[in-house]
2 protein chains.
Amino acid sequence: MKSILITGISGFVGGHFTRFIVNKKSDYVIHGLSRSKPAWDFIHNLDPILDAITFYQCDLLDSKKTNEIIERIQPDYILHLASFSSVSRSWGEPMTSFLNNTNAFLNIVEAVRTLDFNTKILSIGSSEEYGIVKESDLPINEKKHVAPANPYAVARVSEEYLAQIYANGYHLNICCTRSFNHIGPGQSDQFVVSSIAKQFAELAIYHKKPVIRIGSGSIIRDFIDIEDVIRAYDAILEKGISGEVYNVCSGRGNSINDIVNSLSELTHIPVVVEQNQNLFRPIDNPVLIGNYGKLQTTTGWKPECPIENSLEKIHSYWLNKLS
Amino acid sequence: MKSILITGISGFVGGHFTRFIVNKKSDYVIHGLSRSKPAWDFIHNLDPILDAITFYQCDLLDSKKTNEIIERIQPDYILHLASFSSVSRSWGEPMTSFLNNTNAFLNIVEAVRTLDFNTKILSIGSSEEYGIVKESDLPINEKKHVAPANPYAVARVSEEYLAQIYANGYHLNICCTRSFNHIGPGQSDQFVVSSIAKQFAELAIYHKKPVIRIGSGSIIRDFIDIEDVIRAYDAILEKGISGEVYNVCSGRGNSINDIVNSLSELTHIPVVVEQNQNLFRPIDNPVLIGNYGKLQTTTGWKPECPIENSLEKIHSYWLNKLS
């Protein structure tokens, strides 16, 4: 049997990853850590999933408790999902963002280092680390120098540098990702695709005026389905090379307007788009698309889910949730 | 009158900077913060210097107390010298290094941000941020991408990224340095030049066997006199452009063997050099020399003290201290 500790298990990615492990890896003992108990509304037949987890309520900034939990579990793997992952909130609470990303991670790797465990750790980073990139650098690969332009991105870059020091200097087994925009059922409507899908579900259910409110419609992002993300994280935990950083992305670019149009076709609801200046970010990439060649070469992983399938799943989630 | 808060005032740089301000800037009110009271053994006529300071005993990781002190002082300037600055100790205590560099700095800038003060802040970084550099990049300038290769350097890079976010995102007035190897009287003998000068003083006083113990003799560093460093920090506080990073360096390269030879000539003591493998670092730059063009262009500053003068001052300091 192998043991895995999933931090931030109660979140969107945590739920999808846990279901994946329960369904696909019968030889895994799952330990979950979070500040609050899991209550995933996007998982059908939830009880067997919850039953498969040993849950630890813990704030990762509590280094003593974090250390005790890791010592008790002696995990073969740690998937470190716990994060303060909102860019916009990081501007309002830069200290909270930094502590709950960088310092939380530091507590985990310090525990593994001082306990001298052989744990394979996956540190989740973000495409935000690249900052503003030139179109000639697209699709962006991992050789591009990072240039963090918001507090969240700084925290992620700091975490990545720490991961590399712990991997190369202390010989811990750590891989890092720079994960691009995830999409999938269960994601908060603070994220753009989830917000748009929710608005379409509201149109269908409440017969509201067919207006969709977005920020900038023209920006293009690399949206990757949560199931592809989960398989990527599993592949890196199994086959990733310590000290290396991997883009987790679809390699595709879709504008926000594309997302609206696809959902309009899917739902057969013609809509009017209203762009809300308040949702524009002061500095942002017009286009951000990743290159997943390194991850594919190392692990064989590649993205499989077309964006239309993702949108259909997300729309269904909101229809169920709101009905 | 202008008020300046000097963090880490009790250290080597803090003492030299405080003496400079007391002697040169009669319109400054000096507030000093440190975990321990200043007791500089390298300053003659110390009492008037100490009398000129309002001292606050504080650990900068205590964010509440840090905030209260900054609120009370309303400083026009903050020179943030407090640091856990040993590379080798950072390998043994990576967490302590990170917290006492990055998080301490974060507490300061958060205080200034939330208090909405107009304080000019100088964040001191290190040439360690550059990591391993190619000889073709020498003398290295600020456009070179950072590549931190030890825990101390990671903490410094994280601090610099945070500084830029606070400068560009929140419009705080912050400059950063990447300071190269300081040398001067009062520096701990954990630093190579101070250690060699101390050994020469011991030879003269105790008539020991004329052997000087060093790590690698061939490595070349950019050693800059503490008086030049102090004038650089003053120049950046006065004229530095917010959000910018400045190398503080001499532009000269001297090997460790050069230092030994110069001190041998100065003291007229022929010596045998013993290289101690334990003092070698596993990964290190054979040569590191900085380019100070950006700082000179912006402020007019340039280094003035020849290395022989520095060595003479440091040797005298040890002679006095050990006699």
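If you're wondering where the values come from, they're calculated on a predicted model, not measured in any experiment.

**Thoughts on the overall build of chain A**
Okay, step 1: Within chain A, the regular secondary structure consists of 11 helices and 14 strands.
Okay, step 2: Across its three principal directions, the C-alpha atoms of chain A cover 60 × 45 × 40 Å.
Okay, step 3: Looking at the 323 residues of chain A, the share that counts as buried comes to 48%.

**As for the domain arrangement of chain A**
Residue and element names in this part refer to chain A.
Okay, step 1: What the domain assignment lists for chain A is domain 1 (2-183 + 224-251 + 292-299) and domain 2 (192-220 + 253-284 + 306-322).
Okay, step 2: Put simply, the middle of domain 1 and the middle of domain 2, counted by C-alpha atoms, are 28 Å apart.
Okay, step 3: Opposite the six residues of domain 1 that make contact, domain 2 presents six residues.

**Concerning the pairing of strand S5 (residues 120-126) of chain A**
Consecutive side chains of a regular strand alternate in pointing toward one face of the sheet and then the other.
Residues and elements named next belong to chain A.
Okay, step 1: With seven of seven residues buried, S5 is to be regarded as a mostly interior element.
Okay, step 2: A two-sided burial pattern is seen for S5, the buried positions comprising Lys120, Leu122, Ile124 and Ser126 on one face and Ile121, Ser123 and Gly125 on the other.
Okay, step 3: With four bridges joining them, strand S4 (residues 77-80) and S5 adopt parallel strand pairing. When the bridges of S5 are listed, Ile78 appears paired with Ile121.
Okay, step 4: Bridge count for S5 against strand S6 (residues 173-179) is seven bridges, and the pairing is parallel. Residue pairing across strands places Ile124 opposite Thr177, the latter belonging to S6.
Okay, step 5: Where the polypeptide runs from S5 across helix H6 (residues 151-168) and back to S6, its parallel neighbour, the crossover connection is right-handed.

**Concerning the environment of Asp41 of chain B**
Residues and elements named next belong to chain B.
Okay, step 1: Structurally, Asp41 can be placed in the loop between strand S2 (28-34) and helix H2 (46-51).
Okay, step 2: Note: C-alpha distance between Asp41 and Ser97 (56 residues apart in sequence) is 26 Å.
Okay, step 3: Ignoring anything within four residues of it in the chain, the contact list for Asp41 reads Gly186 and Lys321.

**Looking at the relation of the copies chain B and chain A**
Okay, step 1: Here chain B sits on chain A after a turn of 180° about the axis and a move of 0.0 Å along it, with an RMSD of 0.0 Å. Taken together, the rotation angle and the small translation identify this as a two-fold axis. Among all residues of chain B, the minimum C-alpha distance to the rotation axis is found for Ser158 of chain B, at 2.7 Å.
Okay, step 2: A share of 100% of interface residues in chain B that are also interface residues in chain A marks the association as one of identical surfaces.

**Concerning helix H7 (residues 192-206) of chain A**
All names here are of chain A.
Okay, step 1: Taking 1.5 Å as the rise per residue, H7 with 15 residues should run 21 Å; its terminal C-alpha atoms sit 21 Å apart, in good agreement.
Okay, step 2: Turning to H7, its buried residues number three or more, namely Val192, Val193, Ser194, Ile196, Ala197, Lys198, Gln199, Phe200 and Ala201.
Okay, step 3: Those residues of H7 hidden inside the fold are in contact with strand S7 (181-183), strand S8 (211-214), strand S10 (223-225), helix H9 (256-267) and helix H11 (307-322).

**Thoughts on the sheet that holds strand S9 (residues 220-221) of chain A**
Residue and element names in this part refer to chain A.
Okay, step 1: Taken together, three strands build an open sheet; the order of strands is S12-S9-S14 and the sheet is mixed. The two strands at the open ends of the sheet, each matched to only one other strand, are strand S12 (254-255) and strand S14 (287-288).
Okay, step 2: In this structure, S9 lies alongside S12, joined through two bridges in antiparallel fashion. Its bridge partner being in S12, Arg221 is matched across the sheet by Asn254.

**Concerning the packing of helix H3 (residues 63-73) of chain B against helix H5 (residues 94-115) of chain B**
Residues and elements named next belong to chain B.
Okay, step 1: In contact at an axis separation of 9 Å, H3 and H5 are set at 50° when each is read in the N-to-C sense. On the basis of their axis angle, the class for H3 and H5 is oblique. In this structure, H3 crosses over H5, and the sense of that crossing is right-handed. Residues Ser63, Thr66, Asn67, Ile70 and Glu71 of H3 form the contact with H5, whose participating residues are Asn107, Ile108, Ala111, Val112 and Leu115.
Okay, step 2: Residues of the contact of H3 with H5, tallied by class, amount to five nonpolar, four polar and one charged.

**Remarks on unusual backbone geometry**
Residue and element names in this part refer to chain A.
Okay, step 1: Cis geometry is found at the peptide bond from Leu138 to Pro139, where omega equals -10°.
Okay, step 2: Of note in the backbone geometry, Gln74 takes a positive phi value of approximately 45° without being a glycine.
Okay, step 3: Mapping Gln74 onto the fold places it in the loop between helix H3 (63-73) and S4.
Okay, step 4: A tally of 12 C-beta atoms within 10 Å means that Gln74 is categorised as exposed.

**Some remarks on the nonpolar core**
Okay, step 1: Leu79 and Val109 of chain A together with Leu79 and Val109 of chain B are the most contacted members of the largest nonpolar core, which totals 170 residues.
Okay, step 2: Ignoring any residue separated from it by four or fewer positions in sequence, one finds Leu79 of chain A in contact with Ile4, Ile6, Phe17, Leu122, Tyr233 and Leu237 of chain A.

**Describing the interface of chain B and chain A**
Okay, step 1: Of the residues lining the interface, 17 residues belong to chain B; the matching set on chain A comes to 17 residues.
Okay, step 2: Elements with a contribution of two residues or more to the side of chain B that touches chain A: H5 and helix H6 (151-168) of chain B.
Okay, step 3: For the side of chain B that touches chain A, the leading source of residues is H6 of chain B, giving seven residues.
Okay, step 4: Here the residues of the side of chain B that touches chain A are counted per class, giving 12 nonpolar, four polar and one charged.

**Section: the sheet that holds strand S11 (residues 245-248) of chain B**
All names here are of chain B.
Okay, step 1: Pairing in this open sheet of seven strands is parallel, and the strands run S3-S2-S1-S4-S5-S6-S11 from one edge to the other. Here the strands that pair on one side only, and so sit at the sheet edges, are strand S3 (53-57) and S11. Geometrically, the sheet is characterised by an average inter-axis angle of 20° between neighbouring strands, direction not taken into account.
Okay, step 2: With six bridges connecting them, strand S1 (residues 2-7) and S2 associate as parallel partners. By the bridge assignment, Ser3 is partnered in S2 with Val29.
Okay, step 3: The sheet contacts of helix H8 (residues 226-239) involve strand S4 (77-80), strand S5 (120-126), strand S6 (173-179) and S11, and relative to S5 the element is tilted by about 140°.

**Concerning the packing of H9 of chain A against H11 of chain A**
All names here are of chain A.
Okay, step 1: In the contact formed by H9 and H11, the axes pass within 10 Å of each other and the chain directions differ by 65°. Taken together, the axes of H9 and H11 are roughly perpendicular relative to one another. Here H9 and H11 pass one another in a crossing that is right-handed. The residues of H11 that touch H9, namely those facing Ile259, Ser262, Leu263, Leu266 and Thr267, are Ile307, Glu308, Leu311, Glu312 and His315.
Okay, step 2: Residue composition of the contact of H9 with H11, grouped by class: five nonpolar, three polar and two charged.

**Describing helix H7 (residues 192-206) of chain B**
Okay, step 1: Of the surrounding elements, those touching the buried residues of H7 of chain B are strand S7 (181-183), strand S8 (211-214), strand S10 (223-225), helix H9 (256-267) and helix H11 (307-322) of chain B.
Okay, step 2: Phi turns positive, to about 50°, at His207 of chain B, one or two residues after H7 of chain B.

**Side note on the environment of Ser123 of chain A**
All names here are of chain A.
Okay, step 1: Mapped onto the elements, Ser123 comes out in strand S5.
Okay, step 2: Ser123 sits 41 residues away from Ala82 along the chain, and the two C-alpha atoms are 9.7 Å apart.
Okay, step 3: When neighbours within four sequence positions are excluded, Ser123 is seen to be in contact with His80, Phe105, Glu159, Glu160, Ala163, Ile174 and Cys176.

Conventions adopted
- Residues numbered from 1 in each chain as written.
- Chains lettered and ligands numbered in written order.
- Predicted model: local features only at pLDDT ≥ 70, side-chain atom pairs only at ≥ 80, totals over all residues.
- Helix = DSSP H or I, 4+ residues; strand = E, 2+ residues; numbered from the N terminus.
- Buried ≥ 20, exposed ≤ 12 C-beta atoms within 10 Å, placed from the backbone.
- Domains from an automatic or database assignment.
- Contact = placed C-beta atoms within 7 Å.
- Pairing = 2+ DSSP bridges.
- Right-handed = clockwise from strand over helix to strand, strands pointing away.
- Least-squares fit on C-alpha atoms with pLDDT ≥ 70 in both.
- Expected span 1.5 Å × (residues − 1).
- Axes fitted to C-alpha atoms, helices over the stretch in contact; angles between N-to-C directions.
- Parallel < 35°, antiparallel > 145°, perpendicular 65-115°, else oblique.
- Left-handed = near helix turned anticlockwise from the far one by under 90°.
- Nonpolar A, V, L, I, M, F, W, Y, C, P; charged D, E, K, R; others polar.
- Core = buried A, V, L, I, M, F, W, Y, C linked by C-beta atoms within 7 Å.

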